[in-house]
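Here is what each chain is made of, one letter per residue.
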Amino acid sequence: MNIPDNLLDQITESARAFLLHALPYDRADNSIVCYLHGLDATELLIRWFNWSWRTISARPRDVYLSGEFIGNSLRERYKQPLEYLLSAIKSGADLRKYQSRRIDQAVVVPGSVPLKRRQDIDLMLNFFGIYHLHMSDQVEDDGFVVRSDDVLFVLFKRDHAFVIDIMPHRGSWASAHSIKVIVNNWPMANLVYKVEGAVGLSRTLNDSDRLRLLQMGANFMVELDGSCYFPGPGISASGVSIDAVRSADHVMMELERFALAAQSDLNFVSSIFVDNNIPIPINLTFKFYIDASGFGLIEPNSQTFFRLFRGSD
């Protein structure tokens, strides 16, 4: 069994090749192609996480309704589509048609348009961790439902969905109302982070202030009743979620850890083949791979999958 000396370079370049092939983008747009091909594996992984997390995974969830949602008079206006939508969330149906049409837009060249107009960036999702869903039972030709004037704001976890409220499609993206609802209804669910020791902000921010900061890629806290809360994952200056950056770094660290372990201890790799009754290839190569359960490496000769990083919601 031979393991190449340049194993880390091999799998890092494999990750770049995989991501350049898997990311959806306009391959006829030379500016996008040049931009992407100039990125290293870590930067491409950040783009991957930023894009893939915009799609809500189809899995059954327990649904929790806030008191504000239950008391919202707009529920009657959207009664029928809301019933369909909440049932779809609970049963684990595909929610794609209720989402923004922009979810297929994975790449926009930074600087080509202002951050607030980037179709590949969902600032509210990246900062607050909150999705917005359109409420209609009419599906248009492109597979998305008719856009509604108001949208349903929901925070999704792996097995739970927290229905926050119905709010206008315009002007609600940085509203403190979402955080207030979360704090009032689910204070023990760890959906937002209370900043211990902070007794208030030096300057009071209104929703317009928060929206301007969000559109600049700036993080901020929300003050409620004298306590300060950090809403969610937070964003980087480029507008992507800080969680996307952390996850990309983690994947790269796992690739490096695998390469070092494989080169320093042949049993580290061979035992996986032996334990699964798979003949050990003489010359080993590894290809980066992503499936529904996470990230890892495939040894193509034997089709053996080494899972390194599990996916999450």
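Up top is the structure.
Residues numbered from 1 in each chain as written. Predicted model: local features only at pLDDT ≥ 70, side-chain atom pairs only at ≥ 80, totals over all residues. Heavy atoms only, no water.

J.: Residue-level account of the pattern of salt bridges, with values.
T.: Counted according to the given criterion, the structure contains 13 salt bridges. The residue R47 makes a salt bridge to D120 at a minimum N-O spacing of 2.5 Å. Here R47, found in helix α3 (residues 41-52), pairs with D120, found in the loop between α6 (79-91) and α7 (123-128); they are 73 residues apart in sequence, far enough to count as distant. Across the pair, D120 and R47 agree in class, each one buried. The closest approach of N and O atoms between E140 and R101, which form a salt bridge, is 2.4 Å. Residue E140 is located in the loop between β2 (131-134) and β3 (150-156), and its partner R101 is located in the loop between α6 and α7; the two are separated by 39 residues in the primary sequence. (Salt bridge = Lys/Arg side-chain N within 4 Å of Asp/Glu carboxyl O. Helix = DSSP H or I, 4+ residues; strand = E, 2+ residues; numbered from the N terminus. Buried < 20%, exposed > 50% of the residue type's maximum accessible area, 1.4 Å probe, protein only.)

J.: If you had to explain the pairing of strand β7 (residues 227-230) to someone new, which residues and values would you point to?
T.: Sheet topology places strand β5 (residues 193-194) next to β7; two bridges connect them, and they run antiparallel. The residue of β7 that forms the bridge with K194 is Y229. (Pairing = 2+ DSSP bridges.)

J.: For the sheet that holds β2, give the residues involved together with the corresponding values.
T.: Backbone hydrogen bonds hold the strands of a sheet together, and the pairing may be parallel or antiparallel. The strand order across the open sheet built from four strands is β1-β4-β3-β2, with neighbouring strands paired in mixed fashion. Edge positions in the sheet fall to β1 (62-65) and β2, since each of these pairs with one other strand and no more. Neighbour-to-neighbour, the strand axes of this sheet turn through a mean angle of 35°, independent of strand direction. As paired elements, β2 and β3 share four bridges and run antiparallel to each other. What sits directly across from H134, in β3, is V151. Across the sheet, helix α8 (residues 176-185) touches β3 and β4 (160-168), and the angle it forms with β4 is around 140°. (Axes fitted to C-alpha atoms, helices over the stretch in contact; angles between N-to-C directions. Contact = heavy atoms within 4.5 Å.)

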